[in-house]
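The primary structure of each chain is shown beneath.
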2 protein chains.
Amino acid sequence: MEKFKILFKPDNKEIEADRGEILLSCAIGGGIYINSSCGGDGICGRCKVIIEKGSFTTEPTGRITQEERKKGYVLACLTTIHGDLVVKVPPASRLDITKIKEEDAKLLRLKGIYSQAEDTAEVEAISHKEAFSHSPLATKLYLELPPPTLDDKVSDLERLYREIKDKKDIGFMQTGLTNIKRLGAILRQSDWKVTVLLGKRNETTEIVSIEHGDTSGRNYGIAFDIGTTTVVGQLVNLNTDEVLGTKATHNRQIVFGDDVITRIVYATEEDGLEKLHHAVIDNMNEIIKELVAGNKLALTDVNGVLCAGNTTMIHLLLRVDPKFIRMEPYVPTANFVPTIRASEAGIKINPRGLLACVPGVSTYVGGDVVAGVVACGMSEEEDLTVLIDVGTNGEIVIGNKEWLISAAASAGPSFEGSGVSCGMRATNGAIQRVRLQSPEKVVLETIGNARPRGICGSGYIDALAELFTHRILERDGKISTSIKSSRIRQMETGLEFVLAFKDETDIGADIVITEQDVENLKRSKASIYSATAILLDKLNLRFEDVKRFFIAGGFGTYLDIEKAVMIGLLPDLERSRFTFIGNSSLIGAREALLSYEAFKKAEEIATKITYLELSVEPAYMDEYIQALFFPHTDIAKFPSVGALR
Amino acid sequence: MEKFKILFKPDNKEIEADRGEILLSCAIGGGIYINSSCGGDGICGRCKVIIEKGSFTTEPTGRITQEERKKGYVLACLTTIHGDLVVKVPPASRLDITKIKEEDAKLLRLKGIYSQAEDTAEVEAISHKEAFSHSPLATKLYLELPPPTLDDKVSDLERLYREIKDKKDIGFMQTGLTNIKRLGAILRQSDWKVTVLLGKRNETTEIVSIEHGDTSGRNYGIAFDIGTTTVVGQLVNLNTDEVLGTKATHNRQIVFGDDVITRIVYATEEDGLEKLHHAVIDNMNEIIKELVAGNKLALTDVNGVLCAGNTTMIHLLLRVDPKFIRMEPYVPTANFVPTIRASEAGIKINPRGLLACVPGVSTYVGGDVVAGVVACGMSEEEDLTVLIDVGTNGEIVIGNKEWLISAAASAGPSFEGSGVSCGMRATNGAIQRVRLQSPEKVVLETIGNARPRGICGSGYIDALAELFTHRILERDGKISTSIKSSRIRQMETGLEFVLAFKDETDIGADIVITEQDVENLKRSKASIYSATAILLDKLNLRFEDVKRFFIAGGFGTYLDIEKAVMIGLLPDLERSRFTFIGNSSLIGAREALLSYEAFKKAEEIATKITYLELSVEPAYMDEYIQALFFPHTDIAKFPSVGALR
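Quick summary incoming for the structure in this document. (Residues numbered from 1 in each chain as written. Chains lettered and ligands numbered in written order. Predicted model: local features only at pLDDT ≥ 70, side-chain atom pairs only at ≥ 80, totals over all residues.)

Before going further, it helps to examine the nonpolar core. Nonpolar side chains tend toward joint burial in soluble globular proteins. Core analysis: the largest hydrophobic core is formed by 382 residues, its most contacted members being Leu464 and Ala589 of chain A together with Cys307, Leu464 and Ala589 of chain B. Ignoring any residue separated from it by four or fewer positions in sequence, one finds Cys307 of chain B in contact with Phe224, Ile226, Ile314, Leu317, Leu355, Cys357 and Ala589 of chain B. (Core = buried A, V, L, I, M, F, W, Y, C linked by C-beta atoms within 7 Å. Buried ≥ 20, exposed ≤ 12 C-beta atoms within 10 Å, placed from the backbone. Contact = placed C-beta atoms within 7 Å.)

Structural data, given as C-alpha cells:
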C-alpha cells in the first residue's frame, strides 16, 4: 500500500501513513496528542487541526466554522489522508490537562512520593488453575471480501457481517454510525481487504473499527490494577496472550489523601472530583505510553483496557461522584459498570478502543477482589479456600464453588511501603529479604540487586520476623533495650533498628525500622488476621478447616510464608496450605482482558459473593486487640512460633 | 415538588422547572433551542450557556475554560437546577443551521414548492390485521424504590435494575455512563421516586434516562415516512397507542434534485451531503415542533422517532454518503442501521431519545416498502398477495407467508402531485374527486371542502378516468379535438382541459390538465402496471392468481379503485380484491414505533424479501410500451373497461 509522510507541527514529528488512513488515528499512532473525547465520532469537535499542505478529504461538520474552514481547519477524526501532509496542531487541540498534571506533580514531589513509573517484577502465574478460553476484549479479523457483483448485491455492512459470521461464531453484532459512515469508502479504497476490530461490549459484539489492509498482527491490550496506593499496568498481546511488560507507579491521587475516605471527601470540593479523575487517568496514560514505547508499538495498536480496582477507584476512574459511598448506609452508585470507549474516560489508546472494569460486590469489596477470586480459581474449588488480599484495604474471601463470603479490613498502606519511614514499592532497590546472622550482622537482598533504597512489604515481614526471632523485638512490638547492638538506637521519637547504614545505601541516609513503623505494621497484620478469624468464626469454621490459603498483595515477587506466620499475619498451619500469588487483582484483570469467559466468570462471582460488615461485629474489636502482639496474645495459637522463642 | 422559574435570554422566555432538573432538558422542554449533539453526555460541549443569577450545581468539565467559567459559563447538560435562574444562551450555542435553512427556504420559494407543513388527512388504519403487542420503542416506568438500609445495601444501579426487573420481564439491561454519573444524586433528590425511560436498542434494553418523580404519563413518539417528494410525521402517545396528529411537507431536498439519483450526484459536491442531510433534518424538526406545539406537549416528552424511507433517504438522514448506490453494481452502504440517539442525527426531541429506522432490502427497495409489508400484513397471509406502493419510486411486493419478492418501478412523482402542472399534495384544497356530468359540466370535491388549489393523485386518477369515459381523452392519451367544450383549449404547448376556472379557485388561476400532464401520469401508471405484470410473469403467475391487492401511496384519504382500473393503473379484476391502505410506509413505521414485535417483524421481512431487478428483463420494455395506453394496448386485458367504451 502507498505510504505518505505526515509532518506534525509544532512537534515537527514526521509519521508514516497509509492512503485512506484517518488523520486522528495516524496522529495518535505516532504519539502526537490531539484532544478527542467522542471516540472519533466527529461529535466533540476537539480534534481541530490545520492542514497547511497536502492532499486529503474531510467530511463536512458543523463543528468547523466558515472562518475556520478558510484557514484550513478540519476535524482530524473526519479527515482521510490522500498524500503527504503538513499538519499544525493548534494549542486548543493539544492535551488540556497539562496544568492539572504539573500542579499535582509539584505537590507529589513535595510529599516525596513521586517517582517515575518503573518496571516492577513480573507477577506470578497461577499454574494449577485451568486456563480460560482465548476470547479477548478486542479481537482482530483480517477479511478479503468478495466485491459486490450483479449477482451478489448485499449492502456493504451486510457483506461485512456475512464475512465475519462465516469466520466466527457470533450472534448479534452491532456497529456505530461512525463506522457505517466510513464503510463504503474504506472497503473500496482498500480493495475489499480490511481488518475489523471486534469488541465484546455489554452482551453483544461490536465492530469497534475497520482498518485498511491486514493489521491483524497488531492487537494489544493493557490490564490495570488500580489500587489506592499503587497503579499497575500490564501490556499483553491480545493475539497470543503473551505478557510484554509491567509498569507500576504510585497513585497520583495520594496527593489528595492517603485513603479512600479522604479522597471521597476531597471529591466533594470544587473541581475535586475532576482532579482525582485526572490524576488516575494521567497515571494510566503514563503507564500506557511507557509500555507502548518500550515495546516499540503505537498507541493505536492498543485496543482494549481492562481495569480492576476497589469501588471508589472505579468511581473516580469513570468520574462518577463517590460521595454516597460515605453516607449511611454506604452504598456505591454502581458495582457493575458498562464497557465504554476508553476515550470517554480520557484514556489514550486507539480512539475507538474499549475500557471495561471487573465488577465489584459492594463499597468495601471491589472489582480488585473479584479479580483475585478469578485469578486464584477458588470459586471452582471443592475444598474450603481463603483468599487474603493485603492492600491498603485488606480483603478476605472465604468459600468454594458453592458459596463465597467476603469481608474487608482497614489494613493501611504499610505493606505497600506507604506510611512507614523507609517504605517503598516493590521495585528496584527495595529490600525484600532480610536475614539477621546476629543482632549486629544483617544480610539484605534487594530487588534487582541494586543498592538499597528502602523497604518493601516482604522486606518488612522478613525484618519483623528476624528481629522477633533474635528477641530484638518484644512480643508487644517494642524494641528491646537489653540486646546490645550498634544498630539499635534511641532517637527522639523512640527506638529504631538500622537495617542499612548510610554508606551502604543509595539514598545517602540510613534505612531503619522505627517503633512507630512496627506499630503501623502490627496494626496492619492484626487487622487482617483478626478479620479472617472473625469471618471464619461467624461461619462456625476454624482455620484448620481451610484447605488452602491464597495470599495476594503488592509485596513484590516474593513473600516468605514462614515469616508471615511468625509475625502473626497468617495462621500457624502447615505451610503447604499457603500459596503466594502476587498481585491477584492484576492477574484477574489480565484474565478478563484475554478471555470473555473470565470476564463473565467475574460477573458471576460478583453476583455470588456475600459481603459481611465486620465493624458491626461485637467480637471483632476483641479479636483485633488480641492480635496486636507478635504473633498473638494467645501464643498457643502459634505453636510453631512458640517453639522458637 | 418545588417549582422554579428559569428565564432564558435573549428570548426572555420563562420556563417552569423542577428542583434537580437538568438545565438542557428544561430548555428543550420549553422550546428554547440550544445546540447539542452528544445527547447530553457532556461530550460535545455545544450547549454552553451563561448563568447570570440563581442557584444551581454543575459538573466539572474540560469543555469550559477557566476564563469562561469566571464569566458564568456552564454546560446546560451538566447543570442541575436548584432555584430560580436567569440563563443567557450565547449566539454560539443557538441553532447553527439557520443559515442553511434560510438559504434553502429561499430556493424553495423560488421553485414555488415551499409550503408550511399542514395537517394532512389521517391515514387509514388496516382493520383486518391482528395487532402487534404493545411494546413501544420507548417505555416509561415509574418506580418508588426502597431506600438502601444496612440490610439492603445493593448499589444504586443494581437497586434500579432490581426494581425494573421486578416490574418488567427484561433480559439484559444496559445504561450509559451519563446516567450512572447522575444516578446517585437523582435518586436521593427525588426521594427514591423516579421514572425510568427504557429504550429498545440493538437487541438489548437501555435505560435511556432517569427523571425526577412520576413523569410516566408523558411519553410520546413520532413515526416518519421520509419520501423522496413528501415527508410525513405522525405523533403518537406511546402509552396508549393513540394517534394525536399527522403533518406532511414537501421534502426540502427537492431543491437539490427531484429524484434520488440527482440527489446522490449532488451529495458528491462540496457540502452537498451536509446540505441534503440538514434539509431532511429541518423537515423533521419542523414537523416535530408543530405536532408537539399543536398538542401542547414539550419536545422533551418525545422519546422516540421511528423512520421508514427509501434507502437513499435513510442514508441522507444519517449522513451516510450515498455515492456508492449509483456506482455499479449499485449497493447501499447499509440496509440495517443501528438505533441511535436522535440527537446524533440532529433531531430535536428529548436529548437522550432514540431514533430507529425500518430496515431496507436493497438500493431500490427500502424500509418504506418493508414498513408497507408490515402494515398490510401480507407476510402472514396464506394467499398470494400483492402490495403496490405508488410513490416517486413505485414498489411492488408479491408473496405470502412463505416468500416475498419485490421489484421497483421508476414511476415519477406525478401521483404525489409533483411534475404535473397543477399538482399538489393531498392537503386542504386539493381536488381529490372529479365527476364529469358532461364535457362541459364538472363536479369537484376537494379535501376540507375548500376552494380548489390544485389536484392531488386521486384527483388525477378520477379526472383521467372521467375524461376517458367521456371520450375527451383518447386511448393514446391525446385530448380529443372532436368533442366540443369550452373546457378544452389549445395552448402553445398543446391541448389542455380546464377542471376549474380562475374564479372558482383559490389560486387566482385556472386549474387544468395538460396533454403533458397526461403523458407524465400515463408513464407513471404504465410503469407500475408493467412492473407488476412482469414480476408475476417471472414467477409464472397471472394477475388472476393474486387473491388480494393492497394499494398504498400518498393519494390522500381516498382512491377510487374503479377509476384506477379504468386508466390501467390496476389490473381488471373483481374490485373486492383491492384494498386502498393509504400511506403504508407511515403505518408500518408507526407499528414499529409502538411495538418491538413489529420492529422485529420488519427485520424478518427485510431479510426475507428477494429483490428482482426488472431493468435487465428483456420483456419489461415491451410490457411498458404496451401499457402506455388507456387502459392498455390490449383492451382484452381490461374487459370491464372495454365494455364502457
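The next point concerns the sheet that holds strand E20 (residues 430–436) of chain A. The strands making up a sheet associate through backbone hydrogen bonding, with each pair oriented either parallel or antiparallel. Residues and elements named next belong to chain A. Read from one edge of the open sheet, three strands run E21-E20-E22, paired in mixed fashion. Since the sheet does not close on itself, it has two edges, and those belong to strand E21 (442–446) and strand E22 (454–455), each with one partner. Where E20 and E22 come together, two bridges link them in parallel fashion. Across the sheet, residue Ala430 finds its bridge partner in E22, namely Gly454. (Pairing = 2+ DSSP bridges. Helix = DSSP H or I, 4+ residues; strand = E, 2+ residues; numbered from the N terminus.)

At the interface, 50 residues of chain B touch 49 residues of chain A. For the side of chain B that touches chain A, the secondary structure elements donating two or more residues are helix H4 (156–167), strand E8 (173–175), helix H5 (177–189) and helix H7 (272–294) of chain B. Residue classes in the side of chain B that touches chain A are distributed as 25 nonpolar, 14 polar and eleven charged. (Nonpolar A, V, L, I, M, F, W, Y, C, P; charged D, E, K, R; others polar.)

Walk down a regular strand and you will see the side chains alternate between the two sheet faces. Residues and elements named next belong to chain A. Burial along strand E16 (residues 354–357) is two-sided: the residues Leu354 and Ala356 and Leu355 and Cys357 are all buried. Two strands pair when backbone bridges link them, and strand E14 (residues 302–309) and E16 are joined in this way by four bridges, in the parallel orientation. In the strand pairing of E16, Cys307 is matched with Cys357. Where strand E15 (residues 340–341) meets E16, two bridges bridge the pair, whose relative direction is antiparallel. Within E16, the position partnered with Arg341 by the bridge is Leu354.

Let us look at unusual backbone geometry. Phe630 of chain A connects to Pro631 of chain A through a cis peptide bond whose omega is -10°. With respect to the helices and strands, Pro631 of chain A occurs in the loop between helix H15 (618–626) and helix H16 (639–642). One non-glycine residue, Asp191 of chain A, lies in the positive phi region at around 55°. Residue position: Asp191 of chain A is located in the loop between helix H5 (177–189) and strand E9 (193–201). With 13 C-beta atoms packed within 10 Å, Asp191 of chain A lands in the partly exposed category. Not every positive phi belongs to a glycine, and Lys296 of chain B is a case in point at roughly 55°. Here Lys296 of chain B lies in the loop between H7 and strand E14 (302–309). For Lys296 of chain B, a count of 6 C-beta atoms within 10 Å gives the class exposed.

Attention now moves to the environment of Ile325 of chain B. All names here are of chain B. Tracing the backbone through its elements, the reader meets Ile325 in the loop between helix H8 (311–317) and strand E15 (340–341). Assessed through the 22 C-beta atoms surrounding it within 10 Å, Ile325 is described here as buried. Ignoring sequence-local partners within four residues, the contact set of Ile325 consists of Ile264, Thr311, Thr312, Tyr330, Pro332 and Thr363.

With that out of the way, let us pick up helix H10 (residues 457–469) of chain B. All names here are of chain B. Over its 13 residues, H10 extends 18 Å from the first C-alpha to the last, a length consistent with the 18 Å expected when each residue adds 1.5 Å. Among the 13 residues of H10, twelve are classified as buried, and the element is accordingly described as predominantly covered. Within H10, burial applies to Gly457, Ser458, Gly459, Tyr460, Ile461, Asp462, Ala463, Leu464, Ala465, Glu466, Leu467 and Phe468. Just beyond H10, the residue with positive phi is Arg471, at close to 60°. (Expected span 1.5 Å × (residues − 1).)

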